[in-house]
Amino acid sequence: MTKVPASPAKFNPVELKLYRGLVVCLLLLVTSGALSIPFIYESQTLWYKVGIDRTMLRGGQMAGLLTSILLFVQILLAARGSFLKELFGIAALMQWHRVNGIIVSFFALCHVFLVLAPEGMANLPIGIKYWPEIVGSLLLWIILSMVISSQFRQKLGLDYKRWRKIHKPLGYLVIIFLAVHVSFVSDSFEQIVPRVALFTTLGCVLVAVLLSKRTPGQPTL
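Figured I'd write up the structure that's included with this text. A quick note: this is a predicted structure, and the numbers were derived from the prediction, not measured.

Structural notes on the overall build of the protein chain
Counting secondary structure elements, the protein chain contains nine helices and zero strands. At 19 Å, the protein chain has a C-alpha radius of gyration in line with the 17 Å of a compact globule built from 221 residues. Along the first, second and third principal axes, the C-alpha atoms of the protein chain reach 55 × 45 × 25 Å. Counting every position in the protein chain, which comprises 221 residues, the buried fraction comes to 38%. In the protein chain, once contacts between residues fewer than 6 apart in sequence are set aside, the share between residues at least 24 apart is 73%. Carbon and sulfur atoms make up 71% of the accessible area of the protein chain, which amounts to about 13,400 Å² in all.

Quick look at the pattern of salt bridges
If you walk through the whole model with that rule in mind, you get three salt bridges. Its salt-bridge partner being Arg54, residue Glu42 comes within 2.7 Å of it at the nearest N-O pair. Taken together, the positions of Glu42 in the loop between α2 (37-40) and α3 (44-47) and Arg54 in helix α4 (residues 51-79) put the pair twelve residues apart, joining distant regions of the chain. Judged by its relative accessible area of 28%, Glu42 is partly exposed. Residue class for Arg54 comes out partly exposed when judged on its relative accessible area of 23%. With a shortest N-O distance of 3.7 Å, Asp159 and Arg162 are connected by a salt bridge. By relative accessible area, which is 46% here, Arg162 ends up partly exposed. One salt-bridge network, held together by shared partners, links Glu42, Arg54 and Arg58.

Considering a nonpolar patch on the surface
A surface patch of nonpolar side chains, about 520 Å² in accessible area, is lined by Ile128, Trp131, Ile134, Leu138 and Phe184. Counting residues per element, the nonpolar patch draws most heavily on helix α7 (residues 131-151), at three residues. On the secondary structure map, Ile134 appears in helix α7. Ile134 gets classed as partly exposed once you look at its relative accessible area, which sits at 35%.

Details of the packing of α7 against helix α8 (residues 160-185)
Packing of α7 against α8 leaves a shortest axis separation of 9 Å and a crossing angle of 150°. Judged by the angle between their axes, α7 and α8 are roughly antiparallel. Crossing of α7 over α8 shows left-handed handedness. On the side of α7, the interface is formed by Trp131, Pro132, Glu133, Val135, Gly136, Leu138, Leu139, Ile142, Ser145, Met146, Ser149 and Ser150, while α8 contributes Trp163, His167, Leu170, Gly171, Leu173, Val174, Phe177, Leu178, Val180, His181, Phe184 and Val185. Within the contact of α7 with α8, the residues separate by chemical class into 16 nonpolar, seven polar and one charged.

What to know about the packing of aromatic side chains
Throughout the structure, instances matching the rule amount to five aromatic pairs. On the basis of an interplanar angle of 70° and a centroid distance of 5.1 Å, the ring pair of Phe88 and Trp96 is categorised as edge-to-face. The class for Phe88 is buried, based on a relative accessible area of 14%. According to the relative accessible area criterion, Trp96 is partly exposed, its value standing at 41%. Here Tyr160 and Trp163 contribute two aromatic rings whose centre-to-centre distance is 5.7 Å and whose plane-to-plane angle is 45°, an arrangement assigned as tilted. With Tyr160 and Trp163 both in helix α8 and three residues apart, this pair spans about one turn of that helix. A relative accessible area of 9% means that Trp163 is categorised as buried. Taking NZ or CZ as reference, Arg153 lies 5.9 Å from the ring centre of Trp163, over its face. Cation over ring: Arg195 sits above Phe184, and NZ or CZ is 5.9 Å from the ring centre.

As for the packing of α4 against helix α6 (residues 90-116)
The geometry of α4 relative to α6 is characterised by a closest axis approach of 8 Å and an angle of 160° between their N-to-C directions. Judged on the interaxial angle alone, α6 and α4 are roughly antiparallel. As α4 runs across α6, the sense of the crossing is left-handed. Of the residues assigned to the contact of α4 with α6, the class counts are 19 nonpolar, ten polar and no charged.

Criteria and cut-off values
- Residues numbered from 1 in each chain as written.
- Predicted model: local features only at pLDDT ≥ 70, side-chain atom pairs only at ≥ 80, totals over all residues.
- Heavy atoms only, no water.
- Helix = DSSP H or I, 4+ residues; strand = E, 2+ residues; numbered from the N terminus.
- Rg over C-alpha atoms; globule rule 2.2 N^0.38 Å.
- Buried < 20%, exposed > 50% of the residue type's maximum accessible area, 1.4 Å probe, protein only.
- Contact = heavy atoms within 4.5 Å.
- Areas by Shrake-Rupley, 256 points an atom, 1.4 Å probe, with all protein chains shown as cover.
- Salt bridge = Lys/Arg side-chain N within 4 Å of Asp/Glu carboxyl O.
- Patch = residues over 30% accessible without salt bridge, like charges linked within 9 Å, V, L, I, M, F, W, Y side chains within 5 Å.
- Axes fitted to C-alpha atoms, helices over the stretch in contact; angles between N-to-C directions.
- Parallel < 35°, antiparallel > 145°, perpendicular 65-115°, else oblique.
- Left-handed = near helix turned anticlockwise from the far one by under 90°.
- Nonpolar A, V, L, I, M, F, W, Y, C, P; charged D, E, K, R; others polar.
- Phe/Tyr/Trp six-rings, centres within 6.5 Å; stacked < 30°, edge-to-face > 60°.
- Lys NZ or Arg CZ within 6 Å of the ring centre and 35° of its normal.

Okay, structure coming up:
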């Protein structure tokens, strides 16, 4: 079995600190921009909420947006482009991919609970007019199934090749469901700036994935 290099060697220590810092700053900038959307571009559902219900609903929206950002990060960690490999090393990227999957699941569950709680758990959005919410529920189950199967693959009796054949297509499905759910579930994304920001971020991630596929000897999860 080939050893996975623990650290990159292309950059000198000063360059490593600089580029790592830039990557972290970019991630924080994108995250802060996403989390500002429920405040700057309020959805109409917030107009009719007061007190703790308003706080919970806004918190749920923020948890959903944070889940989206972390899913984009998850895709980049899975793709492991040459720049990230040289900057952090394959071992670190693989470890962060596993941990980030758990964090994504946590915030996804927080999103569902905080959004539904103000309306009452008995009033679940059921019916064709709630199709964006239904897409979101399917997305949640896909995320949970991917994380559980990844963390407990051996206990579930899944060999790597079989698990990989299931895991990879689900990853692509997650991106499609995420784009559809975020675009239509909240009227905040009917505004130009949030919608452009969403699809620009999605486009950048997809370009990064496509570029990583062209890298010779690109490893897979």
